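# Architecture and fold: a report
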Amino acid sequence: DHDGVVQWARDNYYKTSPTSGRPGTVSYYDFSQISGAYDCTNFISHALLAGDARIYDTNNASTGWWFWSTADRSYSWAGVNEFYNFAMNNQTKGPGGYSMTWNVNYEDWSSGDILQMHDGTTWRHSTVITGFTLYEDGRIYPRVTGRASPTMRNNNQDIREHEYYPNAMRILHLYNYGA
């Protein structure tokens, strides 16, 4: 449910303590509280839960996609590259799909897709595509909503205004496997 992903992201990006993407099962823990860590991929994981993605607890932190506590979670829940690797290889349960290099072709991406950004050295940031801007020259650019910490966040921001633009970007178009 890409609309659910977008709605949750837009409703929670500014909160000091965002709500759980699936209340009653997974609490929200702000990963930016960990020294040297950011909250962006945890934020998109909760957005995906709000879009009805299924948790996949394999009891092995290197596989699956889940979070119960900081001591009981998969690496893919909050790691940019770990999430990408899980989602691009998963066909069992939870989020999985395909990736494409970002371009200005609107037909290739949609609201609720995940946009990951490269800072020139590594894939560093995950955010949600929450809208579009059509420019006079006919190009369409995504607008993104995300959160790296309670004070580092953006709401429906034109991608061209983002700090990592114009470095490499990739779009993850995800499905939900399993029930």
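Before going into details, it helps to say that this report is about the structure given with it.

Side-chain pairs of opposite charge can arise where the charged atoms are in close proximity. Counting across every chain of the model gives five salt bridges. Among the salt bridges present, the one from R147 reaches D30, with a minimum N-O distance of 3.6 Å. Placement of R147 in strand β6 (residues 140-149) and of D30 in the loop between α1 (2-12) and α2 (40-50) is noted, with a sequence separation of 117 residues between them. D30 matches R147 in its accessibility class, with the two residues each being buried. Among the residues examined, R147 registers a relative accessible area of 0% and is labelled buried. Sharing partners across several salt bridges, the network here consists of R22, D52 and R54.

Another point: the pairing of strand β8 (residues 169-177). Note that strand β3 (residues 94-101) and β8 share eight bridges and pair antiparallel. Paired with G94 across the strands is Y177, a residue of β8. Two strands pair when backbone bridges link them, and strand β4 (residues 114-118) and β8 are joined in this way by four bridges, in the antiparallel orientation. Pairing of L115 across the sheet is with I171, part of β8.

With 28 residues, the main nonpolar core has L48, W65, W77, F83 and L174 as its most contacted residues. Of all the secondary-structure elements, those providing two or more residues to this core are α1, α2, α3 (80-89) and β8. In terms of nonpolar packing, the next biggest core, distinct from the first, is built from twelve residues, L115, V144, M169 and I171 among them.

Attention now goes to the pairing of strand β5 (residues 123-134). Of the pairings in the sheet, the one linking β4 to β5 comprises five bridges and is antiparallel in character. Bridging from a neighbouring strand, I114 pairs with V128 of β5. Pairing geometry for β5 and β6, over six bridges, is antiparallel. Its bridge partner being in β6, G131 is matched across the sheet by R143.

Running from N to C, α1 and α2 point in directions that differ by 130°, and their axes come no closer than 7 Å. In terms of axis orientation, α1 runs oblique to α2. Crossing handedness for the pair α1 and α2: right-handed. Of α2, the residues touching α1 (which contributes G4, V5, W8, A9 and N12) are F43, H46, A47, L48 and A50. Partitioned by chemical class, the residues of the contact of α1 with α2 number seven nonpolar, three polar and no charged.

So, about the side chain of N12. Of note, N12 is situated in helix α1. Of the residues examined, N12 reaches a relative accessible area of 1% and is grouped as buried. Not counting residues within four places of it along the chain, the set of residues in contact with N12 comprises P18, T19, F43 and R147.

Along an α-helix, a turn takes 3.6 residues, which lines up residues three or four apart on a common side. All of the buried residues in α1 are G4, V5, V6, W8, A9 and N12. Buried residues along α1 sit in contact with α2, β5 and β6. N-capping of α1 is provided by D1, with a side-chain oxygen placed 3.1 Å from the backbone N of D3.

It is worth spelling out unusual backbone geometry at this point. You will see that D52, though not glycine, has its phi angle at about 80°, which is positive. When you line up the elements, D52 lands in the loop between α2 and β1 (67-69). The backbone phi angle of N156 is positive, close to 55°, even though this residue is not glycine. Along the polypeptide, N156 turns up in strand β7 (residues 152-158).

Rules used in this analysis
Residue positions are counted from 1 within each chain, in the order its sequence is given. At least 70 in pLDDT is required for a residue's local features to be given in this predicted model, at least 80 for side-chain atom pairs to be given and counted, and no such filter applies to totals for whole chains, interfaces and linings, which use all residues. Hydrogens are left out, water is left out, and the side-chain values use all remaining heavy atoms of the structure. Salt bridge criterion: a side-chain nitrogen from Lys or Arg within 4 Å of a carboxyl oxygen from Asp or Glu. The way it works is that DSSP assigns letters per residue, a run of H or I at least four long becomes a helix, a run of E at least two long becomes a strand, and they are numbered from the N terminus. A simple rule labels every residue: compare its accessible area, found with a 1.4 Å probe on the protein chains alone, to the largest value its type can have, and call it buried under 20%, exposed over 50%, or partly exposed in between. Pairing between strands is defined by DSSP: at least two bridges between the two strands are required. Nonpolar cores are built from buried Ala, Val, Leu, Ile, Met, Phe, Trp, Tyr and Cys residues. Side-chain atoms within 4.5 Å join them into one set. Helix axes are fitted only over the stretch in contact, all axes being lines through C-alpha atoms; the angle between N-to-C directions runs from 0 to 180 degrees. We call two directions roughly parallel when the angle between them is under 35 degrees, roughly antiparallel when it is over 145, roughly perpendicular when it lies between 65 and 115, and oblique otherwise. A clockwise turn of the near helix away from the far one marks a right-handed crossing, whereas an anticlockwise turn of less than a right angle marks a left-handed crossing. Working rule for contacts: check all heavy atoms of both residues, and any pair within 4.5 Å makes them a contact. The residue classification treats Ala, Val, Leu, Ile, Met, Phe, Trp, Tyr, Cys and Pro as nonpolar and Asp, Glu, Lys and Arg as charged. All others, Gly included, are polar. Between N or O atoms, a polar contact is any pair within 3.5 Å; within protein, one atom must be a potential hydrogen donor and the other a potential acceptor, and residues adjacent in sequence are included only when both atoms are from side chains.

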